[in-house]
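Each chain is listed here by its residues.
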Amino acid sequence: MNDDPIPADSKLTTSKRRWASEGKFLTGRISRPDADRLPPGQHLVKNWPVLDLGQQPTVSVDSWRLEVRGLVETPLDLNWTAFQELDQSTRVSDIHCVTTWSRYDNQWQGVATRDLLDLAMPKANASHVMLTSYDGYTTNLPLADFAAEDAILATSWEGEPLSRDHGGPMRLVVPHLYFWKSAKWLRRIDLMASDAAGFWEQNGYHMYADPWREQRYSGD
């Protein structure tokens, strides 16, 4: 028999219990067997191709900041030290790029998006997020997807600090959507009451980007 005392509820556990009871942040995704890990139209790679808008901003940890704004109870403005002091998590996930490559079993370390949201506390009318990066890139996604269980604000990949060309010092990783939704060099997160198109979405890409439905472009 285990006589260890049950830890008292924290703000985080209380929030997650409430989210579960309300069915909040559920995307309806289901687990897939290994044989079905590769979405249609994708091919498997062992390397990690680099794709960006043609510029890779240099962001030092001394000057780095992350803002969380919009429909939140507690706006956040975190420097690197404050971000590193948040609960740190590890996730392992596959990633799928709209340019048809996929890579299995990537290990990430950083801050789970749910933990960040627990600090900011989304307002009841928040339904979407807009992500803005240091290079000016923007992309949108539903709040439920940003808050997915495997989504993480990653600072490390495969045990090493995230490199500049892959979005270091911090990028978002939302594995169940095409990877253009996982903004590199993330600078600001705005919670909104409705959806709005980001950079690629304004240029013909799909607003949602589900790899399993091949939602690559606006007509898909």
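Placed above this text is the structure.
Residues numbered from 1 in each chain as written. Predicted model: local features only at pLDDT ≥ 70, side-chain atom pairs only at ≥ 80, totals over all residues. Heavy atoms only, no water.

(A) Looking closely at unusual backbone geometry. Residue Pro 169 follows Gly 168 across a cis peptide bond; omega there is 15°. With respect to the helices and strands, the residue Pro 169 is situated in the loop between strand S9 (160-161) and strand S10 (171-173). Look at Trp 185: it is not a glycine, yet its phi comes out positive at around 45°. Inspection of the secondary structure assignment puts Trp 185 in the loop between S10 and strand S11 (186-192). One non-glycine residue, Glu 214, lies in positive phi territory at about 50°. (Helix = DSSP H or I, 4+ residues; strand = E, 2+ residues; numbered from the N terminus.)

(B) Structural detail: the pattern of salt bridges. According to the stated counting rule, one finds nine salt bridges in the structure shown. We note a salt bridge from Arg 37 to Asp 94, for which the minimum N-O separation is 2.6 Å. Separated by 57 residues along the polypeptide, Arg 37 in the loop between helix H1 (11-22) and strand S1 (43-44) and Asp 94 in strand S4 (residues 89-96) bring together distant segments of the chain. For Arg 37, a relative accessible area of 15% translates into the label buried. Overall, the relative accessible area of 15% leaves Asp 94 in the buried class. Close ionic contact of Arg 216 with Glu 214 constitutes a salt bridge, the shortest N to O distance being 3.3 Å. Classification of Arg 216 by relative accessible area gives buried; the value is 8%. Each of Arg 37, Asp 94 and Asp 105 takes part in salt bridges that share partners, so that together they form one network. (Salt bridge = Lys/Arg side-chain N within 4 Å of Asp/Glu carboxyl O. Buried < 20%, exposed > 50% of the residue type's maximum accessible area, 1.4 Å probe, protein only.)

Bear in mind that shape data such as this cannot, by itself, settle questions of function.
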